[in-house]
Amino acid sequence: MDIWEQLYTAAKPLYHPEEVNAFIYAHNVVCALQSKSGAIYTGFCIEGLCGTLNLCAERVALLNMYTTSGETEVQRIIAFRDAAPTGMGGMPCGVCRETLMEFSANNAQTEIMVDYAQRKTVTLGEIFPNWWGSVKTGEVRGE
Ligand SMILES: [Zn+2]
């Protein structure tokens, strides 16, 4: 079982879309990531009726990593709905891209699963170039 299968297997059981109550809908997108230390963390999306609460699975997994371990760097990440991503199905949204970069500019090297069957990945730096924070940190990585 390669690391991507380990990540997929870790996230898959979290997929069971449900209305938590009249305001919260959750578990309809799931995610697993591998931190710099090699540990695996998972998350699932949590959506609130008013919209401002919405948390993507990627950010929940990232916050799970950070609150559990204090780590800020992510080696690789996979997100999907009912099945592993194909095509560009696993791409993180802009807020998640920004959050990953703000936790560490080194996350420009984070591998993002694009096509699970083909094991095709892209780096965060490739899909989120010229990050504004590079000016602040003095570092431009992943380019
Ligand atoms: Zn997102």
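Refer to the structure printed above.
Residues numbered from 1 in each chain as written. Predicted model: local features only at pLDDT ≥ 70, side-chain atom pairs only at ≥ 80, totals over all residues. Heavy atoms only, no water.

Participant: What is the right way to look at the overall build of the protein in this model?
Facilitator: Scanning the protein from N- to C-terminus turns up five helices and six strands. Element order for the protein, N to C, with α for helix and β for strand: α-β-β-β-α-β-α-β-β-α-α. Its C-alpha atoms give the protein a radius of gyration of 15 Å, within 12% of the compact-globule value 15 Å for 143 residues. C-alpha atoms of the protein, sized along the principal axes, occupy 45 × 35 × 30 Å. Long-range contacts, defined as pairs at least 24 residues apart, comprise 57% of the intrachain contacts of the protein with a sequence gap of at least 6. (Helix = DSSP H or I, 4+ residues; strand = E, 2+ residues; numbered from the N terminus. Rg over C-alpha atoms; globule rule 2.2 N^0.38 Å. Contact = heavy atoms within 4.5 Å.)

Participant: Explanation requested: the coordination of the zinc ion in the structure shown.
Facilitator: Each protein donor to the zinc ion is listed here as Cys56 (SG), Cys93 (SG) and Cys96 (SG); together their distances run 2.2 to 2.3 Å. Written as a sequence motif, the donor arrangement for the zinc ion is C-x36-C-x2-C. Relative accessible area serves as the criterion here: at 32%, Cys93 is assigned to the partly exposed category. For Cys96, a relative accessible area of 1% corresponds to the buried category. (Donors = N, O, S within 2.8 Å, 3.2 Å for Na, K, Ca; no water. Buried < 20%, exposed > 50% of the residue type's maximum accessible area, 1.4 Å probe, protein only.)

Participant: It is not clear to me how unusual backbone geometry should be interpreted in this structure. Could you clarify?
Facilitator: Where the residue is not glycine, phi is negative for most of them; where a peptide bond is considered, it is trans in most cases. In this model, Arg119 sits at a positive phi of 55 degrees, which is unusual for a non-glycine residue. Mapped onto the elements, Arg119 comes out in the loop between strand 5 (111–115) and strand 6 (120–123). For Arg119, a relative accessible area of 31% translates into the label partly exposed.

Participant: Explain the nonpolar core here, please?
Facilitator: One broad rule of soluble globular proteins: the nonpolar side chains tend to lie buried together. With 23 residues, the main nonpolar core has Leu33, Val74 and Ile112 as its most contacted residues. At the level of secondary structure, the elements contributing two or more residues to this core comprise strand 2 (24–35), strand 3 (40–48), helix 2 (57–69), strand 4 (74–80), helix 3 (94–103), strand 5 and helix 4 (124–127). Dropping the residues within four chain positions of it, Val74 is found in contact with Leu33, Gln34, Ser35, Leu62, Met65, Leu100, Asn107 and Thr110. With twelve residues, the next largest nonpolar core counts Trp4, Ala11, Val30 and Ala32 among its residues. (Core = buried A, V, L, I, M, F, W, Y, C linked by side-chain atoms within 4.5 Å.)

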